[in-house]
Amino acid sequence: MAKMQANQMRAGMVIEFEGQRYTILKQNIMIPGKGAAVIQVEMRNIKTGAKKDQRWRTADTVERLSTEDKDFTYSYADGDMLVLMDPETYEQTQVPKDILGDRLPFLQENMTVNVRLIEGEPVSMDIPETVVLEVIEADPVVKGQTASSSYKPAVLSNGVKTMVPPFITAGEKIVVKTEDASYYERAKG
């Protein structure tokens, strides 16, 4: 463990606070009218998954845990667990499904995922920023609707609903951002 100043916290870092481990999700420096700047941090409890907002003064120190990032290949889901394989040793590791939160539906077989470990324990997992999915349902374009007007609802092959441009039809493959399920572009090829 290493001490660092609160203003050095960045998304993805893991800290220990009040005896619990948290992953930093977001941090903002807020400068009030009077007095010292404050660091507003949104973080997630690694054990419980609960989100917490916490404020520190810039001079405060926090305990940063040293983490190791390692790539794994996603194999399959087993109940509440995801089974990952180490591509070098072929050893299997299990992580809880809720480690991915809202991004879970975008996990695909044989996808390379990056797992952050603390003392060998998986604490967070990243998947690629975009995935290719098929549109299985898309609302028809209403006559007289201009091409530049709003996106229309669609359902992806992983069951997630998203909004797509009017020219996208069912059966097409599109690139989707895993962070918020938003349409990125038509898949090439």
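Residues numbered from 1 in each chain as written. Predicted model: local features only at pLDDT ≥ 70, side-chain atom pairs only at ≥ 80, totals over all residues. Heavy atoms only, no water.

This part covers the sheet that holds strand E3 (residues 20-30). Here 6 strands make up an open sheet; going across it, the order is E1-E6-E2-E3-E4-E5 and the pairing antiparallel. For this open sheet the edge positions go to strand E1 (2-5) and strand E5 (51-57), each flanked by a neighbour on one side alone. Here the strands of the sheet are splayed against their neighbours by 50 degrees on average, with no regard to which way each runs. Of the strand pairs in this sheet, E1 and strand E6 (residues 61-64) are connected by 4 bridges, and their pairing is antiparallel. In the strand pairing of E6, Met4 is matched with Val62. (Pairing = 2+ DSSP bridges. Helix = DSSP H or I, 4+ residues; strand = E, 2+ residues; numbered from the N terminus. Axes fitted to C-alpha atoms, helices over the stretch in contact; angles between N-to-C directions.)

Taking strand neighbours across the sheet as the criterion, the 5 strands line up as E9-E8-E7-E10-E11 in an open arrangement whose pairing is antiparallel. Sheet topology places strand E9 (92-96) and strand E11 (121-126) at the edges, where each strand pairs with a single neighbour. In this sheet, neighbouring strand axes are inclined to one another by 45 degrees on average, regardless of whether the strands run parallel or antiparallel. Sheet topology places strand E7 (residues 68-78) next to strand E8 (residues 81-85); 5 bridges connect them, and they run antiparallel. In the strand pairing of E8, Ala77 is matched with Leu82.

This brings us to the nonpolar core. Within the largest apolar cluster, 27 residues are counted, with the highest numbers of intra-cluster contacts made by Leu84, Phe106, Leu107, Val113, Met125, Ile127 and Ile174. For this core, the secondary-structure elements that each account for two or more residues are E7, E8, strand E10 (112-118), strand E12 (130-138), strand E13 (152-156) and strand E15 (173-177). Leave out the neighbours within four places in its chain, and Leu107 touches Tyr74, Leu82, Leu100, Val113, Met125 and Ile127. By size, the runner-up hydrophobic cluster in this structure holds 13 residues, among which are Ala6, Phe17, Tyr22 and Ile24. (Core = buried A, V, L, I, M, F, W, Y, C linked by side-chain atoms within 4.5 Å. Buried < 20%, exposed > 50% of the residue type's maximum accessible area, 1.4 Å probe, protein only. Contact = heavy atoms within 4.5 Å.)

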